[in-house]
Amino acid sequence: MAQLRVTSKALPEHNRQHNRSLLLQTLMHDGAMSRADLARESGLTRVTVSDLVSELASEGLISELGPRTDARVGKPAQLIGLNENAYHVVTLDLSASDRFTGAIVAIDGRIVHRAEAPLDDASGSDALAKAIGLARELVKRSTVRLLGIGIGTPGVVDPTGVVLSAPNLDWAGLDLAGAFRTEFGVPVHVGNDANAAALAIHTFHEAAPSFMLVEIEHGVGAGLVIGDILVEGSNRNAGEIGHLVVDENGELCACGRRGCLEQIVAVPHLRARLGSAGPATREAVLSEAGRSLGLAIAPIVAALGLDDVVLSGPRDLIEGPLLDSALEIVRSRTLSTVGDGPRMSIANDSHDLVLLGAAVFVLSAELGVS
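Residues numbered from 1 in each chain as written. Predicted model: local features only at pLDDT ≥ 70, side-chain atom pairs only at ≥ 80, totals over all residues. Heavy atoms only, no water.

### Looking at helix α3 (residues 46-58)
What counts is decided by this rule: Put simply, DSSP marks the helices as runs of H or I at least four residues long and the strands as runs of E at least two long, and each gets a number from the N terminus on. Here the expected span of a helix is defined as 1.5 Å times the quantity of residues minus one. Accessible area is worked out with a 1.4 Å probe on protein chains only. A residue is then buried under 20% of its type maximum, exposed over 50%, and partly exposed in between. Directions drawn from the helix axis to the C-beta atoms are what define this arc. Pairs of residues are marked as contacts when any of their non-hydrogen atoms sit within 4.5 Å.
Compared with the 18 Å implied by 1.5 Å per residue over 13 residues, the 18 Å span of α3 between its first and last C-alpha is a close match. Those residues of α3 that fall on the buried side of the exposure criterion are Val49, Leu52, Val53 and Leu56. Projected down its long axis, α3 shows its buried positions confined to an angular sector of 105 degrees, all on one face. Relative to its buried face, α3 has exposed residues pointing more than 90 degrees away, namely Val47 and Ser58. Of the surrounding secondary structure, the elements contacted by the buried residues of α3 are α1 (16-30), α2 (35-42), β3 (62-67) and β4 (78-82).

### Structural notes on the nonpolar core
Heads up, the condition is: By nonpolar core we mean a set of buried residues, namely Ala, Val, Leu, Ile, Met, Phe, Trp, Tyr and Cys, connected to one another through side-chain atoms within 4.5 Å.
With 48 residues, the main nonpolar core has Leu23, Leu24, Leu61 and Leu213 as its most contacted residues. Every element with two or more residues in this core is listed here: α1, α2, α3, β4, β6 (99-106), α6 (193-204), β13 (211-216) and α12 (350-367). Counting residues per element, this core draws most heavily on α12, at 11 residues. Apart from residues no more than four positions distant in its own chain, Leu61 is found in contact with Arg20, Leu24, Leu56, Gly81, Leu82, Asn83, Ala86, Tyr87, Ile107 and Leu367. In terms of nonpolar packing, the next biggest core, distinct from the first, is built from 36 residues, Met212, Val265, Ala266 and Leu274 among them.

### Quick look at the environment of Glu137
Residue position: Glu137 is located in helix α4 (residues 124-141). Through-space distance from the C-alpha of Glu137 to that of Ala103 is 10.0 Å; in sequence the pair is 34 residues apart.

### Examining helix α11 (residues 321-332)
The end-to-end C-alpha distance of α11, which contains 12 residues, comes to 16 Å, matching closely the 16 Å that a straight helix rising 1.5 Å per residue would cover. Every buried residue belonging to α11 is among Leu322, Leu323, Ser325, Ala326, Leu327, Ile329 and Val330, and all of these are buried. Turning to α11, the residues buried within the fold contact α8 (267-277), α9 (282-304), β16 (308-312), α10 (315-318) and β17 (343-346).

### Re empty space enclosed by the protein
To keep things clear, this is the line we draw: Put plainly, a pocket is an open set of points on a 1 Å grid over the protein atoms alone with protein on both sides within 12 Å along at least five of seven lines, a cavity is a set where a 1.4 Å probe fits but cannot get out, and a lining residue has an atom within 4 Å of a point. Grid points are joined across faces, edges and corners, and a volume is the space filled by probe spheres set on the points. Side-chain classes follow a simple rule in which Ala, Val, Leu, Ile, Met, Phe, Trp, Tyr, Cys and Pro form the nonpolar group, Asp, Glu, Lys and Arg form the charged group, and the remainder, Gly included, forms the polar group.
Under the defined criterion, the tally for this structure stands at one cavity of 30 Å³ or more. For the largest cavity, the calculated volume is near 40 Å³. Every residue lining the largest cavity is listed: Leu24, Met28, Leu82, Ile107, Leu363, Leu367 and Val369. Those elements that provide at least two residues to the lining of the largest cavity are α1 and α12. The residue makeup of the lining of the largest cavity, split by class, is seven nonpolar, no polar and no charged.

### Concerning the packing of α4 against helix α5 (residues 176-184)
Selection rule: Axis lines are fitted through C-alpha atoms, for helices just across the contact stretch, and the angle between N-to-C directions can take any value from 0 to 180 degrees. The scheme is simple: roughly parallel for angles under 35 degrees, roughly antiparallel for over 145, roughly perpendicular for 65 to 115, oblique for anything else. By definition, any crossing whose near helix is turned counterclockwise from its far helix by less than a right angle is left-handed, and any crossing with a clockwise turn is right-handed.
One can describe the packing of α4 onto α5 by two numbers: an axis separation of 11 Å at closest approach and a directional angle of 40 degrees. Relative to α5, the element α4 is oriented oblique. The element α4 and its partner α5 pack so that their crossing is right-handed. Listed contacts from α5 to Leu128, Ala131, Ile132, Ala135, Arg136 and Val139 of α4 are Leu176, Ala179, Phe180, Glu183 and Phe184. Classifying every residue of the contact of α4 with α5 gives nine nonpolar, no polar and two charged.

### Notes on the pairing of strand β5 (residues 88-93)
Operational definition: Following DSSP output, two strands are said to pair if at least two bridges run between them.
Most of β5 is tucked away: six of the six residues are buried. As paired strands, β5 and β6 are joined by six bridges and run antiparallel to one another. The residue bridging Leu92 from the neighbouring strand is Gly102, located in β6. Taking the residues between adjacent antiparallel strands as the criterion, β5 and β6 are bridged by five residues. Of the strand pairs in this sheet, β5 and strand β8 (residues 146-153) are connected by six bridges, and their pairing is parallel. Paired with Asp93 across the strands is Gly152, a residue of β8.

### A short note on the confidence of the model for the chain
Definition in use: As a per-residue measure, pLDDT reflects the predictor's confidence and takes values from 0 up to 100.
When pLDDT is averaged along the chain, the result is 90; 93% of the residues meet or exceed 70. Put simply, strand β1 (residues 2-3) is where the chain has its lowest mean pLDDT, 54, and β5 is where it has its highest, 98.

### So, the pairing of strand β10 (residues 162-165)
Pairing analysis gives two bridges linking strand β9 (residues 156-157) to β10, with the strands arranged antiparallel. Counted as the bridge partner of Val157 is Val163 from β10. Hairpin geometry of β9 and β10 is characterised by an intervening segment of four residues between the two adjacent antiparallel strands and by a positive phi of about 90 degrees at Gly161. Where β10 meets strand β11 (residues 174-175), two bridges bridge the pair, whose relative direction is antiparallel. Residue pairing for β11: Val162 is matched across the bridge by Asp175.

### Looking at unusual backbone geometry
Positive phi is not limited to glycine here, since Asp121 has a value of about 65 degrees. Position of Asp121 relative to the elements: it lies in the loop between β7 (111-118) and α4. Relative accessible area serves as the criterion here: at 74%, Asp121 is assigned to the exposed category. If you check the backbone angles, Asp170 has positive phi at about 60 degrees while not being a glycine.

### Observations regarding the sheet that holds β3
Spatial strand order, β2-β4-β3: three strands in an open sheet with antiparallel pairing. Since the sheet does not close on itself, it has two edges, and those belong to β2 (33-34) and β3, each with one partner. Relative to β4, β2 is paired through two bridges, and the arrangement is antiparallel. Bridge assignment links Met33 to a residue of β4, and that residue is Ile80.

Below you can see the structure in the form of structure tokens.
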């Protein structure tokens, strides 16, 4: 597990970097404020704040925005704000079945530019080459300093950025971060795509302290945030629900087993079944997919005491029968002491979540903010 946010001032045994991160974190989420406001919000002394503001300003991370304009007694205070153009982050989303998507993201989460590369069924080294080519295009378009590259990929990823297993891309033991560092010479941070999506919701949305994000794309994965902490598991495989077996007599999965949740709910398989079934049975196919999803996640919701589940993926598939069926199963199989039970919603910007979360990988590692 990793603490996502700096939320209190450093004790004497902590270091200066903690307090720098605390100020940046405060400006990122609360907006521009005066040095006095920063001192009150952070709990740091005014002397420490003034010293750190000078340091951060010299690095171009924050800017003087001029005097406060609201009516207050005395000389207007000078406002300090995060300089959103201090750095760019190049991000990649490798989760879709038909394309890789990339973006240039400012440090405030604003997407500056987007690009796509058709996957054309590429896998293995060909898929790696496509990802590097897409990043190269984005790096060339960036107009300010590059803080790093963030990548959200399907599969299990170790702390060093090695993809231990991503069956859909035929990657096993691939040092994805190392390949990109060699190519671009900048910090590279790689993580699971569902974890990236969960981080995007935690950082850029009004999210509950604890929730589960279920991403439905090329595969199916979950990102878990519990008490503002991203839960990754001791083997970095927490949330790998796509390969939970829900039908032992089902179709053969890329992982070698039969009847994995992925075979029922993942976008390519679901669209293929809808195409074969025809309009008359569309609702039944989607309801069955939702039922399978509900059966898979209900024990997780119960074990962790979750009230919020967010679905991310193509809205035309998720909205309606699939979501309704999944929610019905989860509520019928979990015990709630408050209200009607767990809530389930669809992320408003599903197509951006992995891109933004991959930016958080970099912002957290390089600046200590999320």
